[in-house]
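Architecture and fold: a report
Next come the chains, spelled out residue by residue.
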Amino acid sequence: MTENILIVEDEERIRELLVDYFRAANMTPIPMERGDQVLAFLETRAPDLILLDLMLPGVDGKTLCRKIRSFSNVPIIMLTARVEEADILDGLAGGADDYICKPFSPKEVVARVRTVLRRTRNEFATTTLRKGPFLLNFTARQAFISDQPLGLTPTEFDILKMLLEKSGQVFSRSRLVKEILGYEHDGYDRTIDSHIKNLRKKIAVHIPDAKPIESVYGTGYRFSVSIF
């Protein structure tokens, strides 16, 4: 079964190039050039992943990402020509799982998409993990606190899973980038910080007085065992 990749990109040259590369990779690209076309499409189709340009006519990518996250946890990778850290972090705060800066290699885009798809597939995940008030369902890739859904993005789920499975162990940012996002690059450390921030906010809605994800100065993060 081939994966369906929704490509929302208003630059025709980039859009067609990505279409060619995804077809060559035996995936099914679905090209779209306007942001205001996407929500209607998602009412009838469920792609396996969305490549979403930041600057789009109709509805911009950042706004669109937030709207999609209100009803779907489909993996979203932002494409952006803007490299300002604030813009990137805003996109991640809105629910994007990752981002790729232009100009980029189409081969890199395909590789990154494969990495995200590989870690979000659940064919072989048939167990659950329960620790304290937390419950992770690996089959459905859903997380709960006291049986209340957290509504995590795929990347947030994978971070929580790694930290929760090895509670008390410190994970460096670079290790989280490599093991969860699937590549090594110092520039993506702040990506992890943004995902951790989002995770903390969602957890705090249910257990506001607890701080289960601890920062370890100069090192990274760990899940506190004191919550159990």
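Refer to the structure above for everything that follows.
Residues numbered from 1 in each chain as written. Predicted model: local features only at pLDDT ≥ 70, side-chain atom pairs only at ≥ 80, totals over all residues. Heavy atoms only, no water.

**Quick word on a negative patch on the surface**
Quick reminder of the rule: Two joining distances apply to patches: 9 Å for like charges and 5 Å for nonpolar side chains (Val, Leu, Ile, Met, Phe, Trp, Tyr), and every residue must have over 30% relative accessible area and no salt bridge. Residue burial considers only the protein chains on display, and all accessible areas are found by Shrake-Rupley using a 1.4 Å probe. The salt bridge definition used is simple: a Lys or Arg side-chain nitrogen within 4 Å of an Asp or Glu carboxyl oxygen. Note that His is not counted, nor are the chain ends; the positive residues are Lys and Arg, and the negative ones are Asp and Glu. Charge placement uses NZ in Lys and CZ in Arg. For Asp and Glu, CG and CD serve respectively. Under the DSSP-based scheme used, a helix requires at least four consecutive residues in state H or I and a strand at least two consecutive residues in state E, with every element numbered from the N terminus. Only protein chains enter the accessibility calculation, which uses a 1.4 Å probe; a residue whose area is less than 20% of its type maximum is buried, one above 50% is exposed, and one in between is partly exposed.
There is a patch of like negative charges on the surface, built from Asp10, Glu12, Glu16, Asp20 and Glu33. Within the secondary structure, Glu16 is located in helix α1 (residues 12-24). Residue classification places Glu16 among the partly exposed positions, given a relative accessible area of 44%.

**Here's the deal with helix α5 (residues 106-120)**
In an α-helix, one full turn covers 3.6 residues, which means residues spaced three or four apart are oriented alike. Spelled out, the test is: Given a helix with a known number of residues, its expected span is that number minus one, times 1.5 Å.
Between its first and last C-alpha atoms α5 spans 21 Å; for 15 residues at 1.5 Å apiece the expected length is 21 Å, and the two agree. Turning to α5, its buried residues number three or more, namely Pro106, Val109, Val110, Arg112, Val113, Thr115, Val116, Leu117, Arg119 and Thr120.

**Considering unusual backbone geometry**
As a rule of thumb, non-glycine residues mostly have phi less than zero, and peptide bonds are mostly trans rather than cis. In the segment running from Lys102 into Pro103, the intervening peptide bond is cis, with an omega of -5 degrees. Along the chain, Pro103 falls in the loop between β5 (98-101) and α5. A positive phi angle is found at Ser146, which is not glycine, with a value near 50 degrees. By the secondary structure assignment, Ser146 is in the loop between β8 (142-145) and β9 (148-149). Positive phi outside glycine occurs at Asp147, with the angle close to 70 degrees. If you trace the backbone, Asp147 turns up in the loop between β8 and β9.

**Re the packing of helix α6 (residues 154-165) against helix α7 (residues 173-181)**
Rule in force here: Interaxial angle, 0 to 180 degrees, is taken between N-to-C directions of lines fitted to C-alpha atoms, where a helix line uses only the stretch in contact. Angle categories are assigned with fixed cut-offs, so that under 35 degrees is roughly parallel, over 145 is roughly antiparallel, 65 to 115 is roughly perpendicular, and the rest are oblique. What makes a crossing left-handed is the near helix being turned counterclockwise from the far one by less than a right angle; a clockwise turn instead makes it right-handed. In this analysis, two residues are considered to be in contact whenever any of their non-hydrogen atoms come within 4.5 Å of each other. For this classification, the nonpolar set comprises Ala, Val, Leu, Ile, Met, Phe, Trp, Tyr, Cys and Pro, the charged set comprises Asp, Glu, Lys and Arg, and every other residue, Gly included, is treated as polar.
Between α6 and α7, the least distance of the axes is 10 Å, while the angle of their chain directions is 120 degrees. Looking at the two axes, α6 sits oblique to α7. Crossing of α6 over α7 shows right-handed handedness. Taking contact as the criterion, the partners of Thr155, Asp158, Ile159 and Met162 in α6 are, on α7, Leu176, Glu179, Ile180 and Leu181. Tallied by class, the residues present in the contact of α6 with α7 amount to 5 nonpolar, 1 polar and 2 charged.

**Section: the packing of α1 against α5**
Remark: α1 packs on α5, axes separated minimally by 10 Å, with the N-to-C direction vectors making an angle of 55 degrees. It follows that α1 is oblique to α5 by the angle criterion. Of the two elements, α1 crosses α5, and the hand of that crossing is right-handed. Across the interface between the two elements, Leu17, Leu18, Tyr21 and Phe22 of α1 pack against Pro106, Lys107, Val109, Val110 and Val113 of α5.

**Brief notes about the sheet that holds strand β2 (residues 28-32)**
In sheet architecture, strand pairing relies on hydrogen bonds along the backbone and comes in two forms, parallel and antiparallel. Counted only if it meets this: In this description, strands pair whenever DSSP reports at least two bridges between them.
With respect to topology, 5 strands assemble into an open sheet ordered β2-β1-β3-β4-β5, the strand pairing being parallel. Of all the strands in the sheet, just β2 and β5 have a single pairing partner and so form its edges. The average undirected angle you get between the axes of adjacent strands in this sheet is 20 degrees. Direction of pairing for strand β3 (residues 49-53) relative to strand β4 (residues 76-80): parallel, over a ladder of 4 bridges.

Purely geometric stuff here, so don't read any function into it on its own.
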